[in-house]
Amino acid sequence: MLAIACLSQKGGVGKSTLARLIAQTYAAGGWQVKIADFNTKQKTSVDWAALRMSQNVEPEIPAEAFTEVARATKGDLDLIVFDGKPDSDTQTLRLAQSAELTIIPTGVSADDLVPQIRFAQELKKHGIDPRKILFVLNKTTDSTAATTDARNFIAGAGFRACITHIPNKTAFVNAHNSGRTLAETDFPSLNERSTALANEIVEALKEITE
Ligand SMILES: Nc1ncnc2c1ncn2[C@@H]1O[C@H](COP(=O)(O)OP(=O)(O)OP(=O)(O)O)[C@@H](O)[C@H]1O
Ligand SMILES: [Mg+2]
């Protein structure tokens, strides 16, 4: 079983959002996928998966809440997607250690970038290979300069970021509110962009595992 972890020190940056996009991408490709929701106080992904099921959205994406990494990685799946809680505790580290790839979402402001880079450096200090860490710029604004600066900041710290960034759009919130993902909005151009991001993540996992 392969594992992708969506982790961050900061809350509300898009861990659950990306976990759902990643799970949907692989499930649509015929993989047996589950989201392991470690944010047990909120259970965002568990509730979202139930909503998705009630709305009959295909493919179905199971999600389950876990507190122990070992339990989440039991069973007969092709891929488990860890949806972390906003923290840099030992559980978060264990999730990164158990995953082939760690996705760190971040906004473009220094308020987001600085703690998220610090978090990635902490993972690195604890033995996580930086090549197994991939930043995703989420909730970007219409300022191209701000996005470029953020990407340069990440690269300058020695980490990789996806080329595709995801803008802050109400259409994404509406998709989540109906059990859908970033790639299943009512707007083809947004769906294309999200699919491009998902493809970058798929390629990154391939690179690591092949
Ligand atoms: N690109 C986007 N545009 C608009 N809204 C977004 C976007 N990405 C995420 N959101 C919304 O922002 C909120 C936070 O996102 P999400 O729940 O994925 O963050 P999180 O990192 O999992 O948060 P937490 O730390 O609380 O678990 C959600 O309401 C989500 O729908
Ligand atoms: Mg979350």
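Use the structure listed above.
Residues numbered from 1 in each chain as written. Chains lettered and ligands numbered in written order. Predicted model: local features only at pLDDT ≥ 70, side-chain atom pairs only at ≥ 80, totals over all residues. Heavy atoms only, no water.

A.B. asks: Help me understand the packing of helix α1 (residues 15-28) against helix α8 (residues 188-209), please; the structure alone is not making it clear to me.
C.D. replies: How two helices sit against one another is set out by the angle between their axes and by the gap between those axes. For the pair α1 and α8, interaxial distance at closest approach is 10 Å and the crossing angle is 75 degrees. Taken together, the axes of α1 and α8 are roughly perpendicular relative to one another. Residue-level inspection shows Leu-18, Leu-21, Ile-22, Thr-25 and Tyr-26 of α1 in contact with α8, the latter providing Ser-194, Leu-197, Ala-198, Ile-201, Val-202 and Leu-205. Residues belonging to the contact of α1 with α8 are distributed by class as follows: 9 nonpolar, 2 polar and no charged. (Axes fitted to C-alpha atoms, helices over the stretch in contact; angles between N-to-C directions. Helix = DSSP H or I, 4+ residues; strand = E, 2+ residues; numbered from the N terminus. Parallel < 35°, antiparallel > 145°, perpendicular 65-115°, else oblique. Contact = heavy atoms within 4.5 Å. Nonpolar A, V, L, I, M, F, W, Y, C, P; charged D, E, K, R; others polar.)

A.B. asks: Got a minute to help me understand the layout of surface pockets in this structure?
C.D. replies: The gaps of empty space that remain are located by a probe, the size of a water molecule, rolled over the atoms. Put simply, the largest pocket is a space of about 400 Å³. Lining the largest pocket are 24 residues, with Gly-12, Gly-14, Thr-17, Arg-20 and Lys-139 positioned closest to its centre. Contributing elements (two or more residues each) for the lining of the largest pocket: α1, β6 (133-140), β8 (166-167) and α7 (170-177). When residues of the lining of the largest pocket are assigned to their parent elements, the largest contribution, 4 residues, is made by α1. Each residue belonging to the lining of the largest pocket can be placed in one class, and the counts come to 7 nonpolar, 12 polar and 5 charged. (1 Å grid on protein atoms, 1.4 Å probe; cavity = no way out; pocket = protein on both sides within 12 Å on 5 of 7 lines; lining within 4 Å. Points joined across faces, edges and corners; volume = space filled by probe spheres on them.)

A.B. asks: Please clarify how the site of ligand 1 should be interpreted in this entry.
C.D. replies: Looking at ligand 1, there are 20 residues lining it, with Lys-15, Ser-16, Thr-17, Asn-39 and His-176 nearest. Thr-17 is positioned such that a nitrogen or oxygen atom in its side chain is 2.5 Å from an oxygen atom of ligand 1. Contact between ligand 1 and His-176: an oxygen atom at 2.8 Å from a side-chain N or O atom of the residue. Taken by itself ligand 1 offers 630 Å² of open surface, and the protein chains cover 83% of this. (Near = heavy atom within 4 Å. Polar contact = N/O pair within 3.5 Å; in protein donor to acceptor, adjacent residues only side chain to side chain. Areas by Shrake-Rupley, 256 points an atom, 1.4 Å probe, with all protein chains shown as cover.)

A.B. asks: Quick question: what am I supposed to make of the nonpolar core here?
C.D. replies: One broad trend across soluble globular proteins is that nonpolar side chains are buried collectively. Ile-4, Ile-22, Ile-103 and Ile-201 are the most contacted members of the largest nonpolar core, which totals 33 residues. Residues within four places of Ile-201 in sequence aside, it is in contact with Ile-4, Ile-22, Tyr-26, Leu-101, Ile-103, Leu-134, Val-136 and Cys-162. The next biggest cluster of nonpolar side chains, apart from the first, holds 29 residues, and it includes Phe-38, Ala-96, Ile-117 and Phe-159. (Core = buried A, V, L, I, M, F, W, Y, C linked by side-chain atoms within 4.5 Å. Buried < 20%, exposed > 50% of the residue type's maximum accessible area, 1.4 Å probe, protein only.)

A.B. asks: Explanation requested: the pattern of salt bridges in the structure shown.
C.D. replies: Oppositely charged side chains are able to pair whenever their charged atoms sit close together. Across all of its chains, the model carries 8 salt bridges by this definition. Asp-89 is paired through a salt bridge with Lys-85; the nearest N and O atoms lie 2.5 Å apart. Salt-bridge contacts for Arg-160 lead to Glu-207; the nearest nitrogen and oxygen are separated by 3.7 Å. Here Glu-207 lies in helix α8 and Arg-160 lies in strand β7 (residues 160-161), a separation of 47 residues in the sequence. (Salt bridge = Lys/Arg side-chain N within 4 Å of Asp/Glu carboxyl O.)

A.B. asks: Sorry if this is basic, but what is going on with the packing of aromatic side chains here?
C.D. replies: Two measures describe an aromatic ring pair: the distance that separates the ring centres and the angle between the ring planes. Within the structure shown, the criterion is met by 4 aromatic pairs. Judged by centre distance (4.5 Å) and plane angle (55 degrees), the ring pair of Tyr-26 and Trp-31 falls under tilted. On the accessibility criterion, Trp-31 (31% relative accessible area) is partly exposed. Relative to Phe-82, the ring of Phe-38 has its centre 5.7 Å away and its plane inclined at 85 degrees; by these criteria the two rings are edge-to-face. Separated by 44 residues along the polypeptide, Phe-38 in the loop between β2 (33-37) and α2 (44-54) and Phe-82 in strand β4 (residues 79-83) bring together distant segments of the chain. Pair check on accessibility: Phe-38 and Phe-82 agree, each one buried. Grouping aromatic residues by their ring pairs yields a cluster made of Phe-38, Phe-66 and Phe-82. (Phe/Tyr/Trp six-rings, centres within 6.5 Å; stacked < 30°, edge-to-face > 60°.)

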